[in-house]
Amino acid sequence: MSVAAHTTPSGYLLPSIHSAPPFFTKQINPTTRSIADDHWARIILGYARHRRLFTLRVEDAETSGNDWDEIFRNERINRRLLPDHLASLISSMVTNNLAVYEPPKQTRSVLLYWRRPEEWADVLHSWVASTGQMNTIMTFYEITDPPVESPLSSLPIVILRKAIDVLSKSGRAQIIAIADGEGVRFFPGGSKI
Amino acid sequence: MVVRNRSALSATLTNSPYIQSLKPPMHRLGGVGIGAFERHEQSKRSFAELSNALSQAQVDHLHSQLNQFRTALTHFASTHRDTIKNDPAFRRAFQQMCLSIGVDPLAGPRKGGWWAELLGLGDWQYELGVQIVDVCISTRERNGGIIELKELVRLVSKLRGVDAGVVTEDDVVRSIKTLQPLGAGYQVVELNGTKMVRSVVKELDRDQAVVLGLAHEAGGRIVVDILVVRLGWTRERSQAALDNMLLRDGLCWIDEQDEESGVSYWIPSGMQWDE
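Residues numbered from 1 in each chain as written. Chains lettered and ligands numbered in written order. Predicted model: local features only at pLDDT ≥ 70, side-chain atom pairs only at ≥ 80, totals over all residues. Heavy atoms only, no water.

**Here we look at the nonpolar core**
Residue and element names in this part refer to chain A. Ile44, Trp68, Leu112, Leu124 and Phe186 are the most contacted members of the largest nonpolar core, which has 62 residues in total. By residue number, the principal contributor to this core is helix H1 (residues 30-51), which donates nine residues. Those residues in contact with Ile44, other than ones at most four positions away along the chain, are Leu56, Trp68, Ile71, Phe72, Leu86, Met93 and Leu112. (Core = buried A, V, L, I, M, F, W, Y, C linked by side-chain atoms within 4.5 Å. Buried < 20%, exposed > 50% of the residue type's maximum accessible area, 1.4 Å probe, protein only. Helix = DSSP H or I, 4+ residues; strand = E, 2+ residues; numbered from the N terminus. Contact = heavy atoms within 4.5 Å.)

**Some words on the interface of chain A and chain B**
Many analyses report the size of an interface as the accessible area lost when the parts associate. The interface is formed by 26 residues belonging to chain A together with 21 residues belonging to chain B. Put simply, chain A and chain B have two salt bridges between them. Asp255(B) serves as the salt-bridge partner of Arg79(A), at 2.6 Å between the closest nitrogen and oxygen. Our count for the contact surface shared by chain A and chain B stands at ten residue pairs in polar contact (both at pLDDT 80 or more). Secondary structure elements with two or more residues in the side of chain A that touches chain B: strand S1 (2-4), H1 and strand S6 (79-80) of chain A. With four residues, the top contributor of residues to the side of chain A that touches chain B is H1(A). When its residues are assigned to classes, the side of chain A that touches chain B shows 15 nonpolar, eight polar and three charged. (Salt bridge = Lys/Arg side-chain N within 4 Å of Asp/Glu carboxyl O. Polar contact = N/O pair within 3.5 Å; in protein donor to acceptor, adjacent residues only side chain to side chain. Nonpolar A, V, L, I, M, F, W, Y, C, P; charged D, E, K, R; others polar.)

**A look at the packing of aromatic side chains**
By convention here, two paired aromatic rings are described through the distance between centres and the angle between planes. Residue and element names in this part refer to chain A. Summed over the entire model, instances satisfying the criterion amount to ten aromatic pairs over all chains. For the ring pair Trp68 and Phe72, a centre distance of 5.5 Å and an interplane angle of 15° mean the geometry is stacked. Ring-pair connections join several aromatic residues into one group, and the members of that group are Tyr12, Phe23, Phe24, Trp40, Tyr47, Trp68 and Phe72. When the ring centre of Trp120 is taken as reference, the NZ or CZ atom of Arg115 above it lies at 4.8 Å. (Phe/Tyr/Trp six-rings, centres within 6.5 Å; stacked < 30°, edge-to-face > 60°. Lys NZ or Arg CZ within 6 Å of the ring centre and 35° of its normal.)

**Observations concerning the pattern of salt bridges**
Residues and elements named next belong to chain A. Enumeration over the complete set of coordinates arrives at 17 salt bridges over all chains. With its nearest N and O atoms 3.7 Å apart, the salt bridge here joins Arg116 to Glu118. Of the residues examined, Arg116 reaches a relative accessible area of 29% and is grouped as partly exposed. Exposure remark for Glu118: the relative accessible area of 37% places this residue in the partly exposed category. In this structure, Glu182 engages Arg161 in a salt bridge whose closest nitrogen and oxygen atoms are separated by 2.6 Å. A residue pair is termed long-range when its members are at least 10 positions apart, and Glu182 in strand S11 (residues 181-186) and Arg161 in helix H6 (residues 157-169) qualify at 21 residues. For Glu182, a relative accessible area of 34% puts it in the partly exposed group. A residue is classified by how much of its surface remains accessible, and Arg161, at 35% relative accessible area, is partly exposed. Members of the salt-bridge network, linked through shared partners, are Glu59, Glu62 and Arg108.

Remember, this is a structural readout, not a statement about activity or role.
Here it is, written out as structure tokens:
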């Protein structure tokens, strides 16, 4: 059979391996399995970035009609990703630092790192600089839900915190207690990590 | 009829009628006495000299023929160099001609062979070899190191950015032979009439070879039932062959969502990958 790349209705280009029937089965041979896992991780993170999705749950493979249908189901070959397969993919992504369990201490739901916290830190810092908000105290809400859509819109607070941590370590940000919780102030400091 | 002078003997010998008349007198003059011994030695030396002269003439003749051949070949190579490189049909005809006169265009005393140097064909062939290695290695993770020759040609052509037919299966097979000294185990094997290129040093057992062949007929998919029906194998043997390929050698992928059989096995090298 011939397997080819496919563009989903949302415009995401799936690699040809996504049209290979055995790709939707958890492979037994360890070498083959790690190859398949790598491909899946790439597809999942790529799609998450394409659609700005941050959370992935094992349930997403159980039912249809969610954000992940386009990649967890391939109607053209009548295959779908099964929940226990997704669970194992999720755990291998966590092992490889491509995702983190959120909330912690469970294994059914993860936050996806389609950008590493360090990369988010750079994005955050340059956004603050370009919008002229250096040295002002901002709430987390002002960052993740700005009036004008930004690269940080709808960023989960957990990831935002990690990004701020990275900036704090290089003296480019400081968490400040304010009346209704926490705020953050950014400093120019060009030094990169 | 006694010739005492050596150079005179040579001169006499070249006039062939005397050659016959030389030996009998020697015998007639008898094998006794020191004089007879000297005469005998002398004529022996003269014969040796004559034979040297004759073979020297032959060698010279061969040399001049070879030189002529070489000149003609150089001329041919320089005239048709571009055609040989660019036209697959002409290249094939040329290589067949080489084969029929027992000359390997890539072999020779010098690196790459003097003929290959003249043609620049050596570089072409080695370049193709590098691209073959490239394709084999980059597809190895999904096909376990076995690729169909046709697929390899297709991917190499794509890599070169040339149309189908510019690089032929023939060229690829030839290049793979040039890779042999590298000891990387590149080999062309034939399974059920399909030529496959194996890029891993891995012995396929007989059952696996047959399974690969069958899978290729079916576009890569293989199930136990097909082996039982088509080959008359027992279920156990069929299962064992597939398990070996799957678990031990990683040559195939398992599909547990097969509509017909529940479980099927896929040989990636039997599938056509468009990327």
